Amino acid sequence: MSIETMVGGQISPWMTGGGRESDIVLSSRVRLARNLDGIPFPNRADTIVLQGVIQELGEAVPELSAATGKPYILVKMGKLTPLERYVLVEKHIISPSLAQHAESRALIVEEDAAVSIMINEEDHLRIQCMAPGLALTEAFQSADKIDDVMEARHNFGFNEQMGYLTACPTNLGTGLRASVMLHLPALGITRQLNRIVNAATQLGLAVRGLYGEGSEAAGNVFQISNQLTLGHTEQEIIDNLYSVVTQVVEHERSARCMLMRESENALSDKVWRSYGILRYARSISGQEALAMLSEVRLGIDLGIIDTKQASLFNELLIMTRPNYLQKVSGSNLLAADARDRLRADVIRSKLAGRDEEYVK
Amino acid sequence: MLCDNCQKNQACVHITKIINNQKLEKHLCSECAKQSGEMNLAGLAFDNSFSVQDFLKGMFSQVVEEAEPADDMACPNCGMTYSEFSRGGKIGCTACYTTFGARLEPLVRRIHGASAHIGKVPHRSGGLLEVKLKIKRLKQELTRQVSCEEYEMAAKTRDEIRDLEKGLVEETAKELKE
Ligand SMILES: [Zn+2]
Ligand SMILES: [Zn+2]
């Protein structure tokens, strides 16, 4: 797989998996921050140093492939167009910051995009592993293994007291940020989200919208992640997040049951109206598309809409993002109204020909 | 700059909030910041629309106020000074942690509520460090067991710690001889 197919493809291969609790948990992600000992951190390094870091870390590619049995490629961010980089952000393969400051930044990425290593982001290395559904342990084990491979070649900054040394002191210690992406429409409809957010925050977790810090909770999709990285083992951090997430999942389930029990007709009407808009609209904004997709996915999960295609929601989540649409259009720069029309086209053609499958 | 709230004290906590793509800036004195609850240091339960950098900048400026007037100590490896670091919120290199170790410790404690790493250790750093960390973890476990009155378990843990410590001393002595 080349970087072109990774950018152009509709969905990253790892996302098609399903996984545990996949009616609510869209994906799990684990990220480890590591730095080369004695080399200035990216915020303080000049171009020559940064290029040297890319060169050195890039040499690990064959070993990563050998150790995991999967092909890896090295991609220099400067070689991609800004648009291609932002599509990678929309697919959660790289962070917005890596896309923004592309000069002297690079990415080592595994064929199905489940593993990506950002080079010269805030830290020299950001090892990121993704898995579908609730699979924090699997994602962690995978990141841990990549870390072992890299560590055998490179001297990572570490001290006994503060653990792995990072550019920002908020990542010290384990350097571990574990996060889970959740679809919580029933908690949204029943207005219980604030309570959940407050409870999670009090337990040392952060709750954010779909695209991280500052992004609004579009489409009822939330990320929950650990805040603290020092003073706990990796396993404790994972276990704590896991236990909070399973409780949130339970709350969402019971809210869904309550909705079905007490207002099935209204809910069914809402879901089918959203489906109608997605199926026939000629122009739709990103916000509206996310809101409608969220309701349709809820309808699918509750059996109101009868289809096996639950992953359609995950696919359309990516396919309706502005940069992906821009990429699909191929033209120079889409105006907002043209983009809204293209978005409606993309959704319609994705749903077309499935009428029999959907409408009972 | 004066505090936005009381208009009396010097503002030392600067908060940037982004709401609906509108940037809102707040400048508070440390008293008003504490009272407004914008920064809950202990639980890190800050509003998630803050960026971590902004949050840290606020914390650094507080720390700087409390600390002695900043001297010009610079990291011998990357040249970063402590005041540069407190302005930017980011550290310069791994050696900075040694250079500014004593000053960073209280800050790290405020962020994480702890300042001792008990997680993974690079394998190449050798077996000794892994043993030391195991002892640290067991000591935590021992405290918990004692407070839960699990005395039988606690005795076992204590023995295990003693054995590990004995081994550690022997290994260290051997290393010193070599
Ligand atoms: Zn004040
Ligand atoms: Zn330094």
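Quick summary incoming for the structure in this document.

About the thresholds
Residues numbered from 1 in each chain as written. Chains lettered and ligands numbered in written order. Predicted model: local features only at pLDDT ≥ 70, side-chain atom pairs only at ≥ 80, totals over all residues. Heavy atoms only, no water. Salt bridge = Lys/Arg side-chain N within 4 Å of Asp/Glu carboxyl O. Helix = DSSP H or I, 4+ residues; strand = E, 2+ residues; numbered from the N terminus. Buried < 20%, exposed > 50% of the residue type's maximum accessible area, 1.4 Å probe, protein only. Phe/Tyr/Trp six-rings, centres within 6.5 Å; stacked < 30°, edge-to-face > 60°.

**A look at the pattern of salt bridges**
Point 1. Summed over all chains, the structure comprises 34 salt bridges over all chains.
Point 2. The salt bridge partner of Asp144(A) is Lys120(B), with a shortest N-O separation of 2.6 Å. Separated into two different chains, Asp144(A) in helix 6 (residues 136-153) and Lys120(B) in the loop between helix 5 (101-112) and helix 6 (127-147) make up a pair that spans both.
Point 3. With relative accessibility at 13%, the residue Lys120(B) sits in the buried group.
Point 4. Note that Arg273(A) and Asp269(A) form a salt bridge whose closest N and O atoms lie 2.8 Å from each other. In this pair, Arg273(A) and Asp269(A) both sit in helix 9 (residues 234-280), four residues apart, roughly one turn of the helix.
Point 5. Judged by relative accessible area, which is 40%, Asp269(A) ranks as partly exposed.
Point 6. Taken together, the salt bridges that share partners define one network made up of Arg34(A), Asp144(A), Asp147(A), Asp148(A) and Lys120(B).

**Some words on the packing of aromatic side chains**
Point 1. Within this structure, the stated rule accounts for four aromatic pairs over all chains.
Point 2. Seen in terms of ring centroids, Trp272(A) and Tyr275(A) are 5.5 Å apart; in terms of plane orientation they differ by 80°. Their pairing is edge-to-face. With Trp272(A) and Tyr275(A) both in helix 9, this residue pair falls three residues apart, about one helical turn.
Point 3. For the ring pair Tyr82(B) and Phe85(B), a centre distance of 5.2 Å and an interplane angle of 80° mean the geometry is edge-to-face. With Tyr82(B) and Phe85(B) both in helix 3 (residues 82-88), this residue pair falls three residues apart, about one helical turn. Both residues of the pair, Tyr82(B) and Phe85(B), count as buried.
Point 4. Three or more aromatic residues link up through ring pairs in this structure, and these residues are Tyr82(B), Phe85(B) and Phe100(B).

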